[in-house]
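Geometric and topological summary
This is what each chain is made of:
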Amino acid sequence: MSAVGTVGVIGGGAWGTALASVAARAGRPVRLWARDVKTVEDINRHHENRMRLPGVALDAGIVATRSLEETCAADVLILAVPAQAVRGVAQEMAGVLPAGRPVVIAAKGIERGTEAFMSDVVAEALPQAVPAVLSGPSFADDVAHGLPTAVTLACADEAVGRTLVEAIGYSAFRPYRSSDLTGVQVGGAVKNVLAIACGVVVGKALGASAHAALVARGFAELTRFGRALGARPETLSGLSGLGDLVLTATSPQSRNYSFGVSLGRGDTVDTILGGRKAVTEGVWTAPAVVDRAAKLDVEMPICAAVAAVVAGRASVDTAIEALLSRPFREEH
């Protein structure tokens, strides 16, 4: 593809706004689509997304709009809506996105019901797009403030991938190229489920040793699942796999980790989630991961425990007891 002039960002949440800032710092004019009228007005009038990223000054080159057609006219699109909303938004884009446009998927998760990765969802709902996936250890607040961040950008077309890296990369935001879309998406999805489990360990005050063990055994599950799907080992042990797991499973900035901490302290699922189910991705991804793993005959006891707890089939204490009662075995 030719050099990128403009970047369109679909999604006015914290992550979409942070990625719009990245593209602007890389020197691209940015059009950001959001449904919410107040978000659009705040960005255009005050150069700030006061609902989602308060206190972060936005580049004047970021123009917000409620027009999908206007946004989809950009040379590159970044799709930054929650994973469970990707299909619906992609279907809306289908009527206005020109053929051959790269769409960088920045959502992390597996679709509830279909067990599909986001690239498969986009391929079905938006067949004219050239899909790419952006994932890795990155919190929206860090990225928006220009703190150093390294991520993986995967695209099957290597020439397009190189162009995308140049389009959004700059000194503090460093995308590393890959063609392994499956591996990048496995890491981004499964780490959210494992982060809930790690949060439970902290909430139950089970100690740092238990936390470290869970991260290691969780990574083993992630790796088994990824290899069964054809992911490359180096992808799973890289930024979008191990790197993202370490970040998400250890920081209170992670919604999934914080959700797990609250579970461990005795709060109920409904009380914790309130009105934010769409952005606690691990809650929806857990059953999808477990169901797909069963079809692949891949054992994922930690993810299965999380799925049982969030579905109300097991208490936190029962799930922990079941994990601690498993037979001893060789580490590999």
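Residues numbered from 1 in each chain as written. Predicted model: local features only at pLDDT ≥ 70, side-chain atom pairs only at ≥ 80, totals over all residues. Heavy atoms only, no water.

1. Points about unusual backbone geometry
Most peptide bonds are trans, and most residues other than glycine sit at a negative phi. The backbone phi angle of E115 is positive, close to 60°, even though this residue is not glycine. Along the chain, the position of E115 falls in the loop between β5 (102-105) and α5 (118-125). A positive phi is found at D297, a non-glycine position, where the angle reads about 60°. Here D297 is to be found in the loop between α14 (281-295) and α15 (301-310). Judged by relative accessible area, D297 falls into the exposed class, the value being 72%. (Helix = DSSP H or I, 4+ residues; strand = E, 2+ residues; numbered from the N terminus. Buried < 20%, exposed > 50% of the residue type's maximum accessible area, 1.4 Å probe, protein only.)

2. Looking at the pattern of salt bridges
One side chain can pair with another of opposite charge once the charged atoms of both are near each other. Evaluated as defined, the whole model comprises twelve salt bridges. The shortest N-O distance in the salt bridge between R326 and E299 comes to 3.0 Å. Separated by 27 residues along the polypeptide, R326 in the segment after α16 (316-324) and E299 in the loop between α14 and α15 bring together distant segments of the chain. Several salt bridges share partner residues, and in doing so they unite K38, D42 and R50 into one network. (Salt bridge = Lys/Arg side-chain N within 4 Å of Asp/Glu carboxyl O.)

3. Re the nonpolar core
Counting 45 residues, the largest nonpolar core has V190, F225, F259, L263 and M300 as its most contacted members. The element contributing the most residues to this core is helix α8 (residues 181-203), with eleven residues. Among residues more than four places away in sequence, those in contact with F225 are I110, F117, V186, V190, V289, R292, A293, L296, V298 and M300. (Core = buried A, V, L, I, M, F, W, Y, C linked by side-chain atoms within 4.5 Å. Contact = heavy atoms within 4.5 Å.)

4. Some remarks on the environment of P301
Tracing the backbone shows P301 in helix α15. Under the relative-accessibility criterion, P301 is labelled buried at 19%. Here the alpha-carbon distance between P301 and P82, two residues 219 residues apart in the chain, equals 26 Å. Beyond its immediate stretch of four places on either side in the chain, P301 contacts E221, R224, L323 and R326.

5. Topic: the UniProt feature "binding site: sn-glycerol 3-phosphate" (unreviewed entry) in the protein
The UniProt record annotates "binding site: sn-glycerol 3-phosphate" (unreviewed entry) at K108, G136, S138, K191, D244, S254, R255 and N256. One can find K108 in the loop between β5 and α5. For K108, the residues in contact, after removing those within four places along its chain, are A83, S135, G136, S138, G188, K191, N192, D244 and E281. Within the structure, K108 has its side chain in polar contact with the backbone oxygen of G136 (distance 2.9 Å). Within the secondary structure layout, N256 lies in helix α12 (residues 255-264). With residues up to four places along the chain from it excluded, the contact list for N256 reads N192, A195, I196, T280, E281, G282 and V283. (UniProt positions renumbered as here; feature names shortened; annotations may be inferred. Polar contact = N/O pair within 3.5 Å; in protein donor to acceptor, adjacent residues only side chain to side chain.)

6. Considerations on the packing of α8 against α14
Following both chains from N to C, one finds α8 and α14 inclined at 110°, their axes separated by 8 Å at the closest point. For the element pair α8 / α14, the angle class is roughly perpendicular. Of the residues in α14, those touching α8 at A189, V190, N192, V193 and I196 are E281, G282, V283, T285, A286 and V289. Within the contact of α8 with α14, the residues separate by chemical class into seven nonpolar, three polar and one charged. (Axes fitted to C-alpha atoms, helices over the stretch in contact; angles between N-to-C directions. Parallel < 35°, antiparallel > 145°, perpendicular 65-115°, else oblique. Nonpolar A, V, L, I, M, F, W, Y, C, P; charged D, E, K, R; others polar.)

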